[in-house]
Amino acid sequence: MTDGERRYDDEEAPLAGYATLATAFAVGAGLFTAAARRRGLRLPDAVPPWDVALLGTATFKASRLLSKDKVTSFLRSPFTRREREGEANEVMDAPRGSGLRRAVGDLVSCPFCTSAWVAGALVGTYACAPRAARLLCAGLSAVAVSDWLQYAWSLTEQRAEG
């Protein structure tokens, strides 16, 4: 069988679990939209580039916090197992179980996967309460900038030692 002819295997990819998660995301977005419309929430006509950058940086940091940080392991532990320690207090978790449990494990152990959910929550907050969302995003972005500075500092120290 060629790569183009490979079929999905439920052991390899919990498709029903993925479908459940995608449905939950779509339902959440739909409920938010319906509630916003019912309350007469006026959505912005445009999002300034600065806010997009702020939302993007905050999404990056929140996704890494949720999917890789030691302190948030308690959220992932029902769905993942620890594979190894990473750098900078990050951990590498792998999904466990099957079906929906495995699908959630895939989601919560992957910062790229988690980012869509985080972005949805932050954009929803931005639509309802832009000032509060900017403040939250500024805090998460400050942590991301701090991480980069910590990393740069540690590289400087390593160069000085070696």
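One structure accompanies this document, and this report is about it. In every chain, residue numbers begin from 1 and rise along the written sequence. Confidence filtering applies because this is a predicted model: local features only for residues at pLDDT of at least 70, side-chain atom pairs given and counted only at 80 or more, and all residues used for totals across whole chains, interfaces and linings. Calculated side-chain values reflect all of the structure's heavy atoms, with hydrogen atoms and water omitted.

A separate point is the overall build of the protein chain. Runs of H or I in DSSP of at least four residues are treated as helices and runs of E of at least two as strands, each being numbered from the N terminus. Looking only at helices and strands, the protein chain has six helices and two strands in total. Just to be clear, the radius of gyration here is over C-alpha atoms, and the globule rule we use is 2.2 Å times residues to the power 0.38. The C-alpha radius of gyration of the protein chain comes to 19 Å, more than 25% above the 15 Å expected for a compact globule of 162 residues. For the protein chain, the spread of C-alpha atoms along the three principal axes comes to 55 × 50 × 35 Å. Each residue gets one of three labels from its accessible area relative to the maximum for its type: buried under 20%, exposed over 50%, partly exposed in between, using a 1.4 Å probe on protein chains only. Out of the 162 residues in the protein chain, the part that is buried amounts to 28%. Put simply, 55% of the contacts in the protein chain that link residues at least 6 apart link residues at least 24 apart. Accessible area for the protein chain stands at about 11,100 Å²; split by element, carbon and sulfur atoms hold 62% of it. Here the protein chain contributes 20 positive and 18 negative side-chain charges, whose respective centroids are spaced 9 Å apart. Contact criterion: two residues are considered in contact whenever any of their non-hydrogen atoms come within 4.5 Å of each other. Each accessible area is a Shrake-Rupley estimate made with a 1.4 Å probe; only the visible protein chains count as cover when residues are assessed. Lys and Arg are tallied as positive, Asp and Glu as negative. Neither His nor the chain termini are counted. Lysine's charge is taken at NZ, arginine's at CZ, aspartate's at CG and glutamate's at CD.

For Lys-68, the location among the structural elements is in helix H2 (residues 49-68). No salt bridge is formed by the buried Lys-68, whose closest oppositely charged neighbour, Glu-90, lies at an N-O distance of 6.2 Å. The residues contacting Lys-68, other than those within four sequence positions of it, are Arg-76, Asn-89, Glu-90, Val-91, Met-92, Ser-109 and Pro-111. Think of a salt bridge as a Lys or Arg side-chain nitrogen and an Asp or Glu carboxyl oxygen that are within 4 Å of each other.

This part takes up the pairing of strand S1 (residues 80-85). Paired strands, as defined in this entry, are two strands with at least two bridges between them according to DSSP. Note that S1 and strand S2 (residues 91-95) share five bridges and pair antiparallel. The partner of Glu-85 across the bridge, within S2, is Val-91. Between S1 and S2, which pair antiparallel one after the other, the connecting turn spans five residues, and Ala-88 there sits at a positive phi close to 55°.

Right, let's talk about the packing of helix H1 (residues 15-38) against helix H5 (residues 111-128) for a bit. Axis separation between H1 and H5 bottoms out at 11 Å; the angle between their running directions is 5°. Considering the angle they form, H1 stands roughly parallel to H5. Residues Leu-21, Ala-24, Phe-25 and Phe-32 of H1 lie in contact with H5, whose contacting residues are Ala-116, Trp-117, Gly-124, Ala-127 and Cys-128. When grouped by side-chain class, the residues that make up the contact of H1 with H5 number eight nonpolar, one polar and no charged. Comment: axis = line fitted to C-alpha atoms, over the contacting stretch for helices; angle = value between 0 and 180 degrees taken between N-to-C directions. Roughly parallel refers to an angle under 35 degrees, roughly antiparallel to one over 145, roughly perpendicular to one between 65 and 115, and oblique to any angle outside these ranges. Under this grouping Gly is polar, as are all residues other than the nonpolar Ala, Val, Leu, Ile, Met, Phe, Trp, Tyr, Cys and Pro and the charged Asp, Glu, Lys and Arg.

Moving on, we get to the nonpolar core. As used in this record, nonpolar core signifies buried Ala, Val, Leu, Ile, Met, Phe, Trp, Tyr and Cys residues forming a set joined through side-chain atoms within 4.5 Å. Among the nonpolar cores identified, the biggest contains ten residues, and these are Leu-54, Leu-55, Ala-58, Ala-62, Val-118, Leu-122, Tyr-126, Ala-133, Cys-137 and Leu-140. Mapped by element, the contributors of at least two residues to this core are H2, H5 and helix H6 (130-161). Here this core gets four residues from one element, more than from any other, and that element is H2. If we ignore the near neighbours within four places in the chain, the residues touching Ala-62 are Val-118 and Leu-140. Residues Ala-103, Val-104, Leu-107 and Val-108 belong to the second largest nonpolar core, which totals five residues.

In the contact formed by H1 and helix H4 (residues 99-108), the axes pass within 7 Å of each other and the chain directions differ by 65°. Both H1 and H4 take part in a crossing whose hand is right-handed. Contact residues: Gly-17, Tyr-18, Thr-20 and Leu-21 in H1; Gly-99, Leu-100, Ala-103, Val-104, Asp-106 and Leu-107 in H4. Tallied by class, residues from the contact of H1 with H4 come to six nonpolar, three polar and one charged. Two helices cross in a left-handed way if the nearer one is turned anticlockwise from the farther one by less than a right angle. They cross in a right-handed way if the turn is clockwise.

Stacked, edge-to-face and tilted labels apply to pairs of Phe, Tyr and Trp rings (six-membered ring for Trp) whose centres lie within 6.5 Å, assigned for plane angles under 30 degrees, over 60, and everything in between, in that order. In this structure the tally under the stated criterion is one aromatic pair. Ring centres 5.2 Å apart and planes at 70° place the aromatic pair Phe-25 and Trp-117 in the edge-to-face group. Of this pair, Phe-25 sits in helix H1 while Trp-117 sits in helix H5, placing them 92 residues apart in sequence. Since its relative accessible area comes to 33%, Phe-25 is described here as partly exposed.

The analysis is restricted to geometry; functional conclusions fall outside its scope.
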